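Each chain, written out:
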Amino acid sequence: MIKAILVFNNHGKPRFMRFYQHFPEEMQQQIVRETFHLVSKRDDNVCNFLEGGSLIGGSDYKLIYRHYATLYFVFCVDSSESELGILDLIQVFVETLDKCFENVCELDLIFNVDKVHYILHEMVMGGMVLETNMNEVVAQVEAQNKLEKSETGFSAAPARAVSAVKSMNLPELPRNINIGDINIKVPNLSHLV
Amino acid sequence: MSEIVERTLSALPGLLLQDPAPGPSSKLGSLIRSITALTSRQEEEKLIQQELANLKIAVSSPNTTLRQMKECMVRLIYCEMLGYEASFGYIHAIKLAQQGNLLEKRVGYLAVSLFLHENHELLLLLVNTVLKDLQSTNLVEVCMALTTVSQIFPREMIPAALPLIEDKLQHSKEIVRRKAVLALYKFYLIAPTQVQHIHEKFRKALCDRDVGVMAASLHIYLQVIKDNPSVYKDLTGSFVTILKQVVGGKLPVDFNYHSVPAPWLQIQLLRILRLLGKDDPGTSQLIYDVLDESLRRAEINHNITYAILFECVQTIYTIHPKSDLFEKAAKCIGKFVLSPKINLKYLGLKALTYVIQQDPSLALQHQMTIIECLDHPDPIIKRETLELLYRITNEQNVTVIVEKMLEYLKQSKDEYTVVALVGKIADLAEKYPFYIMNNILRANLLYSPNNQWFVETMNVVFSIGGDVVHPDIPNNFLRLLAEGFGDEREDGQLRLYAVQSYLALLEMENVHYPQRFLQVISWVLGEYSYLAKQIPIESVISKLHNVLLQNPVTSETSAWIMAAITKLVAITPHSSLVDQLIQEFSTCLDTGMRQQACELKALREERPLMQRLFPLNSCCEDLMVDASLSFMDGFVAEALSNGAAPYKPHHQRQEEKLSREKALNLEPYGLCFSPSLPSISLADGHSPSAVSALSEISGNSGETGQKEENRLKMEGVKKLWGKEGYLLKKESKVSKGECVSPPLESGISMGEEEEPAVTPAEPKVELISEEEREKKQLASTLFVGLGSNAISLMGRPSQTTQKFKRKTKFGKKESAQLLYSPGEQNDLALTLPNGASSVASRLLPSQSAEEKSEDGKVSSLFANTDLETFPSSTILSVPSLIPALAQHSHSAVTELARCGTLTLYSSKVWKDDCLLLALLIVNPTSSAIKNIYLQMEDTEILKVSESLCCQLSLLEANGVHQCWGSVHPVHPCKKELISGCVTYLAEVPSQLEFSVHFVLSDFIRPLMISTEEFGKMWSALSHDVKESVQISIPHLSLSEVFMTVQKTLNFHVVEVIGDEGIGACQLMPSVPSLLHCHLQEDMLLVWIRSSSSTLSNCLLHLCQKALQEH
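The numbering scheme is per chain: residues are counted from 1 as the chain's sequence reads. Whichever chain is written first is A, and whichever ligand is written first is 1; the rest continue in order. This being a predicted model, a pLDDT of at least 70 is required before a residue's local features are given, and a value of 80 or more before pairs of side-chain atoms are given or counted; all residues contribute to the totals for chains, interfaces and linings. Excluding hydrogens and water, the side-chain figures rest on all heavy atoms present in the structure.

Q: Lay out the overall build of chain B with the relevant residues and their values.
A: A run of H or I in DSSP counts as a helix once it spans at least four residues, and a run of E counts as a strand once it spans at least two, with each numbered from the N terminus. Counting secondary structure elements, chain B contains 47 helices and 17 strands. Relative to its 1110 residues, chain B shows a buried fraction of 56%. Residue contacts are counted whenever heavy atoms from the two residues lie within 4.5 Å of one another. Partitioning the intrachain contacts of chain B with sequence separation of at least 6 by distance along the chain shows that 69% fall at a separation of at least 24. Areas reported here follow the Shrake-Rupley algorithm with a probe of radius 1.4 Å; residue values treat only the protein chains shown as occluding. Accessible surface computed for chain B: about 47,500 Å², of which carbon and sulfur atoms make up 53%. Exposed residues in this analysis have more than 50% of their type's maximum accessible area, buried residues have under 20%, and partly exposed residues fall in between, with area computed by a 1.4 Å probe over protein chains only.

See the structure below:
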């Protein structure tokens, strides 16, 4: 079972949090800090598995993470999950985000925390993997977005603002999350990198 | 990155202004923008508090529209994510979920599932909304409700939702069915009994036409089968069929991930099959095929394929074994372990750890990789490797493995790792202390290095593990120490060593030890200081006193220390220091300490009583505790007759006190009892502080007869003291039973059970780099004693050495013959390089290579720089070789020369390809020696390698320096002597001369050739000698004769036919000589051929000697 999904940036700022097991607020923050501490001091060329955040539950638990340009995606799972399976699930999650946000970047996560949650709802439900097929997830999310589009006006504003910012010609424009897995070619990413 | 975000955000307001309708949700944008602009945590906190205050007003205002509310909720979610509590909004989130339109509802549900937890009281308010949405005709609403249910739902309301969700299993849309299955799974997790009745429906879900629904149902099956596998055995066939179809590519291409069909589904199915097939040969039979196919199909080089392979391997090793699958799985593990990808390597190690119990030989195959992983830059890999080593620890490799663990322990910082590792080390150290017993028979050395090993290892554990170590660890350690291992003398030495090492530790200044360690130290010192006869007890007391004064000690630790001092005072009652100490602490603020100081004072006045209270070395004796305190009867009677109130138990007093408080008390104040006496049972004396508390009770309850009462009180105290708290009676009895089982026998039988490596008869002569070699040596020490068909990289015949080991334990020369059964000739030839001295005398002191090597490791562990914090004690035993050398057969480390300040030891190491001479320079004094210069001179016959001439700028006090190098013969010769000298600077420049004897057999090694090769060489060699030798023992067969000769002359028996036999040996580096023998009654016709007449003659002489001596 997946116990928690955490996304934070290179400075440890939480960008997304979803716990599937209840922890008090204070504890959640501590877990994020501890996880960041554990993950951030690891090189990029070491393995993607970590044991032993003492907070989230001892030896039965593993942290499985991937580091994309500015963000860490960390899944905290118990021993009933396959390490490599989860590692690829993270990849699927990020690729899905990429599809839904059209070249996802850290800003997308910041401004659309709720949408990220909805996307995740289609993939993981109550700590269980519900769907791993990216197209299926995207289809579900898009079906929901149709509802939103039917409502015009204010709610669309921030999204528009952000996409305006994204297409501005800033040389240091934050890169979209680099799905840099050697095995995976994501063609639609290459043009921005 | 943050700068970039900042810049982007600073550009935002302009953009937003251009926006025709800057709606309320831009508030989130501005919030985020202002947060990002902040520099300090304080500012952020201030801002968010402000924001929360605004939000609070907004959400509670009746004018806020639902749309605005939705926007507020998103901001609240954001604030909560940053760690600020926004509980005022929870109720509004529920409202939003209830009242909003689809989009608002969605935000409401999301907020609720993020804010609340299962037991939150507000959650009940959500139930109605969920139930309503579950019945909605709108697909999206139903899905939202199901998602929420699986996320968060109050347990007591499950019955209300259950029928609705069950209905959803028949829903026409597969997404609803899928979510319904997972919602039911959630119910199963939190209230398994409530969903018992719908197991039939789960089966239907398993057979659902939609693959997604079937996959979702597997979550449930994995769980229920884990809980109770036997009920679901009938489903094995279905799971196998499903997996076969998936593997066979029968699913729509949609389900492919990187052209692997539904990998997560495969993983799930493999896990289920694993549970079903475990310990069940029948079920396993059904699974074999599909496993085989999975292994075959998983060939694409992608992560996810490896994920499937890994599951396959685990399944194969969990279900009933099948040999050909084992082979494939082993190959797979090999792929993982050898993979350059670090994730796969990690999993490979994990898999190895998993299978190691079933198949230890697998670890041997990969021993070199494992060794490399030990030095891997990734600490996670390292830790996994240590975990693996921990699983393969046996009594032969325990020291090396513990050494590796200690190394890692010293590097690790985080608490989690330290706790786990410390636990493992302590476990190993305590698991193999019987190991100490192996040395008893040869321990005419006073201080066996293995005592050191045990104590020093635990020292590191305590000092690094600090106060995070599990309390069982110090307790077990003290128990082992107190109960001993059945041999009085050895136990005494262990304790003595502990005392000495602790005194040395306390000697150091400005070092602070963890509390638990101080407690251990003080207990040991209190209990066993008397063993160290040369150390005055008073100095021990003063050291403990210093600890009390200088270190920050908790009151618990100070109680331990005081207890130790009290015990020591019982041995030496007259000491001015004690007076001073009593003086000091009887006025101290800590009541516990004051109490103990007073007790000590009183006891000192009653010397015979004190000695009766604290007898020497009696902590393990059972104590009778008079729980009824009958010895107090007289005193109580007297007190009662004097008008004292009868004793009332604690609870009674409490009740009375309560009843008094309720009503107005018109009575005059009666006897006053201490209001909250800690309730302490006599049987439960867990720490000395409890004792003091007890004493306090008795001190408070008594009124008269202070002195007499004091004495009576001490009687009670004594019983607890003697037990020393943690040495509970029951516990000690049980463990005694375990420990006392004759350790010697157990040590031996261990050796027999794990018949270790039989080496291939001819170790490959390879040119390998030094580094490689070191690694291999490490490997062979680590993997010693594993598996029956083990592959020993160093080609070391451990089987024979094992037997010698046992032999040496018995120490009977006569029985040596029993060992030489014909089947072992090859091994013998390898292990028995021999000298002019008789075999028995050589074998006994030299011991087996392995046993010796253990010592070597210990000494290298503690004598080298690794452990500078713990200087070995002032007593020096004969030093041991470093493991790299000690693993070869070698002679005993013997003293070569000695003068006042420096001792030189030597040992010959008979390696397969050369003779190494190891010289150990020992500084037994307590001051450092400088400028040591060791020199050896070649002779015409022997050449010494340069590494034996060494220079050492400094050798610390009690330090050992080892140097070694090879010695090569240039010409054959019976005997030769190499001399050398050591110059050094102690207080004055001095010189120590020495010489080392070598005999021809030191340089003779067996030559592994076949009969054909023998034939060719025979004619090629020119110098031969031929002679008949009388055999002293009549009626021996030729093989027996050969064995006799082999004890002196290390040669390879090529072939024996009837009473004729041939053998071959070589003088290093490679001068072959051949041997032809013919047995005629009691005469042996020996015919030796070699390339030099001297060699032939010398060899013949050795043969004669061997046969005559017999």
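Still more to cover.
Q: Kindly report on the overall build of chain A, identifying the contributing residues and their values.
A: Across its full length, chain A carries six helices and seven strands. In chain A, buried positions account for 63% of the 193 residues. A fraction of 54% describes how many contacts in chain A between residues 6 or more apart in sequence connect residues 24 or more apart. Surface accessibility of chain A: about 7,100 Å² in total, with carbon and sulfur atoms responsible for 52%.

Q: Residues and numbers for unusual backbone geometry, please.
A: Phi is mostly negative for residues that are not glycine, and the peptide bonds are mostly trans. Residues and elements named next belong to chain B. In this model, H258 sits at a positive phi of 50°, which is unusual for a non-glycine residue. Along the chain, H258 turns up in the loop between β1 (256-257) and β2 (260-261). Positive phi, close to 55°, is recorded for S259, a residue that is not glycine. Structurally, S259 is set in the loop between β1 and β2. Under the relative-accessibility criterion, S259 is labelled exposed at 54%.

Q: Quick one: what's the story with the pattern of salt bridges, residue by residue and with numbers?
A: Definition used for salt bridges: Asp or Glu carboxyl oxygen within 4 Å of a side-chain nitrogen of Lys or Arg. One pass over the structure, following the stated rule, counts 26 salt bridges over all chains. When the shortest N-O distance is used, the salt bridge between E507 of chain B and K543 of chain B registers 3.0 Å. Of the two residues, E507 of chain B sits in helix α26 (residues 488-507) while K543 of chain B sits in helix α28 (residues 537-550), which places them 36 residues apart along the sequence. Sharing partners across several salt bridges, the network here consists of E131 and E136 of chain A together with R178 of chain B.

Q: Break down the sheet that holds strand β3 (residues 894-899) of chain B for me, with residues and values.
A: Strand pairing in a sheet relies on backbone hydrogen bonds. The paired strands run either parallel or antiparallel. All names here are of chain B. A sheet is described by the order of its strands in space; here five strands give the open sequence β3-β4-β5-β9-β7, paired in antiparallel fashion. Every interior strand has two partners, whereas the edge strands, β3 and β7 (942-944), have only one. When the angles between neighbouring strand axes are averaged without regard to direction, this sheet yields 25°. For strand β4 (residues 902-910) and strand β5 (residues 915-922), the ladder comprises eight bridges, and the chain directions are antiparallel. One bridge is not enough; two strands pair if DSSP finds at least two bridges between them. Note on geometry: axes are lines fitted to C-alpha atoms, helical ones only across the stretch in contact, with angles between N-to-C directions running from 0 to 180 degrees.

Q: Tell me about the packing of helix α25 (residues 472-483) of chain B against α26 of chain B, residues and numbers included.
A: Residue and element names in this part refer to chain B. Remark: α25 packs on α26, axes separated minimally by 8 Å, with the N-to-C direction vectors making an angle of 130°. If you check the angle between α25 and α26, you find them oblique. In this structure, α25 uses F477, L481, A482 and E483 to contact α26, whose residues at the interface are D491, L494, R495, A498 and Y502. Of the residues assigned to the contact of α25 with α26, the class counts are six nonpolar, no polar and three charged. Between 65 and 115 degrees an angle is taken as roughly perpendicular, under 35 as roughly parallel, over 145 as roughly antiparallel, and anywhere else as oblique. Amino acid classes used here: Ala, Val, Leu, Ile, Met, Phe, Trp, Tyr, Cys and Pro are nonpolar; Asp, Glu, Lys and Arg are charged; the rest, including Gly, are polar.

Q: Summarise the packing of aromatic side chains; cite the residues concerned and give the values.
A: Each pair of aromatic rings taken from Phe, Tyr and Trp, with Trp reduced to its six-membered ring, is defined by centres within 6.5 Å and is described as stacked if the planes are under 30 degrees apart, edge-to-face if over 60, and tilted in the remaining cases. In the structure shown here, the tally under the stated rule is 23 aromatic pairs over all chains. Ring plane angle 40° and centroid distance 5.1 Å describe the contact between F49 of chain A and Y346 of chain B, whose orientation is recorded as tilted. Placement of the pair is F49 of chain A in strand β3 (residues 49-51) and Y346 of chain B in helix α18 (residues 342-355), with the two residues belonging to separate chains. Neither residue differs from the other here; F49 of chain A and Y346 of chain B are each classed as buried. Three or more aromatic residues joined by ring pairs form one cluster here, namely F8, F36, Y65 and Y72 of chain A. Two conditions define a charge located above a ring, namely a distance within 6 Å from the ring centre to NZ of Lys or CZ of Arg, and an angle within 35 degrees of the ring normal. One Lys or Arg, R106 of chain B, reaches over the ring of Y118 of chain A and ends 3.7 Å from the middle of that ring. Lying over the aromatic face of W1087 of chain B, K1026 of chain B brings its terminal NZ or CZ to 3.9 Å of the ring centre.

Q: Which residues make up the sheet that holds strand β2 (residues 14-19) of chain A, and what values go with them?
A: All names here are of chain A. The antiparallel open sheet is built from five strands, whose spatial order is β2-β1-β5-β4-β3. Of all the strands in the sheet, the pair left with one neighbour each is β2 and β3. Looking at each pair of strands side by side, their axes are set apart by 20° on average, direction ignored. Judged from the three bridges that link them, β3 and strand β4 (residues 62-68) form a sheet pairing that is antiparallel. Across the sheet, E51 pairs through a bridge with K62, a residue of β4. Of the strands in this sheet, β1 (2-9), β3, β4 and β5 (71-77) touch helix α2 (residues 83-101), which is tilted by about 40° from β4.

Q: Lay out the confidence of the model for chain B in plain terms, naming residues and giving numbers.
A: Residue and element names in this part refer to chain B. As a per-residue measure, pLDDT reflects the predictor's confidence and takes values from 0 up to 100. Summing up the model confidence of chain B, the mean pLDDT is 73 and the portion of residues at 70 or higher is 75%. Below a pLDDT of 50 lies the segment residues 670-767, which in the model reaches 161 contacts outside its immediate sequence neighbourhood of four places, other chains included. Per the prediction output, this complex has pTM 0.58; the corresponding ipTM is 0.79.

Q: Please give an account of the pairing of strand β14 (residues 1052-1057) of chain B that cites residues and values.
A: In summary, the side chains of a regular strand alternate between the two faces of the sheet. Residue and element names in this part refer to chain B. Looking at chain direction, β14 and strand β15 (residues 1060-1067) are connected through five bridges and run antiparallel. Directly across from H1052, in β15, lies its bridge partner A1064. What sits between the antiparallel neighbours β14 and β15 is a turn of two residues, in which G1058 has the positive phi angle 60°.

Q: Describe the environment of L107 of chain A, naming the residues involved and giving the relevant values.
A: Within the fold, L107 of chain A resides in helix α3 (residues 106-111). Put simply, L107 of chain A and R15 of chain A are 92 residues apart on the chain and 9.3 Å apart in space, counted from C-alpha to C-alpha.

Q: Summarise the confidence of the model for chain A; cite the residues concerned and give the values.
A: Residue-level pLDDT values for chain A average 75, and 72% of them are 70 or greater. Looking over chain A, one finds the lowest element-wise mean pLDDT in helix α6 (residues 157-167) of chain A, namely 44, and the highest in β5 of chain A, namely 92.

Q: Residue-level account of the packing of helix α16 (residues 303-318) of chain B against α18 of chain B, with values.
A: Residue and element names in this part refer to chain B. Between α16 and α18, the shortest axis-to-axis distance is 10 Å and the interhelical angle comes to 5°. The angle between α16 and α18 falls in the class roughly parallel. In this structure, α16 uses Y306, F310, Q314, Y317 and T318 to contact α18, whose residues at the interface are L344, L347, K350, A351, Y354 and V355. Grouping the constituent residues of the contact of α16 with α18 by class yields eight nonpolar, two polar and one charged.

Q: With reference to specific residues and values, describe α28 of chain B.
A: All names here are of chain B. Counted at 1.5 Å a residue, the expected span for α28 with its 14 residues is 20 Å, and the 20 Å between its end C-alpha atoms agrees. Among all positions of α28, only I537, V540, I541, K543, L544, H545, V547 and L548 are buried. On its buried side, α28 packs onto α26, α27 (515-528), α29 (555-571), α30 (576-585) and α31 (591-605). Multiplying one less than the number of residues by 1.5 Å gives the expected span of a helix.

Q: Run through helix α47 (residues 1093-1109) of chain B, naming residues and quoting values.
A: Residues and elements named next belong to chain B. Relative to the 24 Å expected for 17 residues at 1.5 Å per residue, α47 spans 24 Å between its end C-alpha atoms, a close match to the ideal helical length. Of all the positions in α47, only L1095, S1096, C1098, L1099, L1100, L1102, C1103, Q1104, A1106 and L1107 are classed as buried. By the criterion applied in these results, polar contacts are pairs of N or O atoms within 3.5 Å in which, for protein atoms, one can donate a hydrogen and the other can accept it, and in which residues neighboring in sequence qualify only through two side-chain atoms. Capping of α47 at its N-terminal end is provided by S1092; its side-chain oxygen lies 3.4 Å from the backbone amide nitrogen of T1094.

Q: Now, about the side chain of H219 of chain B: what can you tell me, with residues and values included?
A: Take H219 of chain B: it is sitting in helix α12 (residues 211-227). Its relative accessible area of 8% is what places H219 of chain B among the buried residues. Look past the residues within four positions of H219 of chain B in its chain and what remains in contact with it is M128 and V129 of chain A together with L182, Y185 and Q268 of chain B.

Q: A description of the environment of V46 of chain A should follow, citing residues and the corresponding values.
A: Structurally, V46 of chain A can be placed in the loop between α1 (25-40) and β3. A relative accessible area of 9% means that V46 of chain A is categorised as buried.

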